[in-house]
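Here's the letter readout for the chains.
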Amino acid sequence: MSGPPGERILVTGASGQIGTDLVSELRKVHGRENVVASDIREPDHESPISDGPFTLLSVLDGDSMESTIHDEGIGTIYHLAAILSATGEAKPELCHRVNVGGTVCVLEAARDFELKVYAPSSIAVFGPDAPKIAPQKTPLNPTTMYGKTKVTGEILAMNYWKQYGVDVRGIRYPGLISWKAPAGGGTTDYAVDIFRAAIEHGHYECFVREDTRLPMMYMDDAIRGTISLMDAPSENLGSSRAGYNIGGMSFTAGELVDAISRRIPDFTCDFVPDIRQSYADSWPDDVDDSVAREDWGWKPKFGLEEMVDEMINRLREAQSS
Ligand code: NAD
Ligand code: SER
């Protein structure tokens, strides 16, 4: 099956952490009916994505993907379906199958239907040998299966762009912090889970050490960056188009606890590192995002203090409504 591109947008993996925010924003911009959310699991009833079109779709099912694209008049795919790092290290075969197989399926469909594609990468592409402030260009030697699948995703995206002219773009997201949906099985989940625990229980058991420093970003910045990259003229995007570094903030788990404690004075946190510590240790402290700033004008808005204020206020509002 093939055909000319339609006008509507398909989001894969839409029921997850990023999809919950991205679908809402895309619907504000393009109209509710023009953004088709999809996943292998239905969104929760209270999820903001329940207000528009949704279809059950596995990114491993190429035939269903092509018929959805054809029947729904799709022109752009935001491909979010993936297995994240913690689940991915526990189930490496599944991680490889979904992350690499799903991306091939999306890129093949994009080639047949002349679609534009957004396929996110991650700071997990960097391995322990990368500089602690990771440059845009450096050897990518991740030690996690998840990171390896993200490097493969970037390579595949560049191949489809160069060989077949598929307009595919991506960002190496830092750990994303948001309040609308829970984090989905990653190593950076502590920076999300800690807020709900602080508000509901006044206590959190953190699975990385206090001195663990990672690049992080508030979801609003990530969504703004994603849409802004997709809106950028293709000719502005250079050889990093499949995986731009973008920086937001960089803090240790201890600094995050301190920032929360300044707002919730009785909050306590124990640090009980588990296997996820080793994944975190293999990633950089921060990223150099000068290429994204230069190519398409990336600039973050949220630092640690603004993010912590937003998270606590929004979660409290949601709790009382
Ligand atoms: P998530 O785990 O919250 O959501 C992923 C969704 O994919 C889930 O809803 C899951 O049901 C769905 N899914 C799994 N297998 C599927 C399949 N076969 N077909 C269709 N859907 C399937 O993940 P997220 O945080 O929303 O991440 C989205 C993308 O962003 C992923 O590519 C991830 O690697 C990347 N990313 C996320 C972060 C972060 O901190 N959240 C950071 C870096 C990169
Ligand atoms: N936040 C993601 C994870 O921890 C990084 O890509 O898996």
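Residues numbered from 1 in each chain as written. Chains lettered and ligands numbered in written order. Predicted model: local features only at pLDDT ≥ 70, side-chain atom pairs only at ≥ 80, totals over all residues. Heavy atoms only, no water.

## As for the overall build of the protein
Defined as follows: In DSSP terms, a helix is any run of H or I states spanning at least four residues, a strand is any run of E spanning at least two, and both are numbered starting from the N terminus. To get the radius of gyration, use the C-alpha atoms; to get the globule rule, take the number of residues to the power 0.38 and multiply by 2.2 Å. For every residue, the accessible area obtained with a 1.4 Å probe (protein chains only) is divided by the maximum for its type, and the residue is called buried under 20%, exposed over 50%, and partly exposed between those limits. Residue-level accessible areas treat just the shown protein chains as cover; the underlying method is Shrake-Rupley with a 1.4 Å probe.
Counting its regular elements, the protein contains 11 helices and 16 strands. A compact globule built from 321 residues would reach a C-alpha radius of gyration of about 20 Å, and the protein, at 19 Å, matches this within 12%. With the principal axes as the frame, the protein shows a C-alpha extent of 60 × 45 × 35 Å. Residues classed as buried in the protein amount to 56% of the 321 residues present. Here the protein displays about 13,500 Å² of accessible surface, and carbon together with sulfur accounts for 49% of that area.

## Observations regarding the site of ligand 1
So the rule is basically this: Nearness is judged by heavy atoms alone; a residue qualifies as near a molecule or strand once a single heavy atom is within 4 Å of it. Under the rule applied, a polar contact is a pair of N or O atoms within 3.5 Å (in protein, one hydrogen donor and one hydrogen acceptor; residues adjacent in sequence only if both atoms are side-chain atoms). Grid points spaced at 1 Å and placed over the protein atoms alone form the basis of the search, with a cavity being a set where a 1.4 Å probe fits but cannot get out and a pocket an open set showing protein on both sides within 12 Å along at least five of seven lines. Lining residues have an atom within 4 Å of a point. Throughout, a molecule is located in a cavity or pocket provided that more than half of its atoms lie within 2 Å of its grid points.
Around ligand 1 sit 27 residues, and of these Q17, D39, Y146, K150 and L176 come closest. One of the backbone nitrogen or oxygen atoms of G16 is found 3.3 Å away from an oxygen atom of ligand 1. S58 is positioned such that a nitrogen or oxygen atom in its side chain is 3.3 Å from a nitrogen atom of ligand 1. Bound to the protein, ligand 1 loses 94% of the 830 Å² it would expose on its own. Of all the cavities here, the one that holds ligand 1 is the largest pocket. When residues of the shell around ligand 1 are traced back to their parent elements, those giving at least two are α1 (17-30), β6 (121-122), α5 (145-164) and β10 (175-177).

## Here we look at the state of the cysteines
To keep it simple, the criterion reads: Two cysteine sulfurs form what is called a disulfide whenever their separation falls within 2.5 Å.
Evaluated as defined, the whole model comprises 0 disulfides. The thiol sulfur of C105 is not disulfide-bonded, and the nearest other cysteine sulfur, from C95, lies at 17 Å.

## Examining the nonpolar core
We apply this condition: Only buried residues count toward a nonpolar core. Its members are Ala, Val, Leu, Ile, Met, Phe, Trp, Tyr and Cys residues joined through side-chain atoms within 4.5 Å. The contact definition used throughout considers only heavy atoms, calling two residues in contact when any of these lie within 4.5 Å.
Core analysis: the biggest nonpolar cluster contains 73 residues, and Y190, F195, L256 and M307 have the highest contact counts within it. The biggest single contributor to this core is helix α4 (residues 92-113), with 8 residues. Ignoring sequence-local partners within four residues, the contact set of F195 consists of I177, L256, I260, M307, V308, M311, I312 and L315. Core analysis: the next-biggest nonpolar cluster, separate from the first, contains 30 residues, I9, A37, Y118 and L176 among them.

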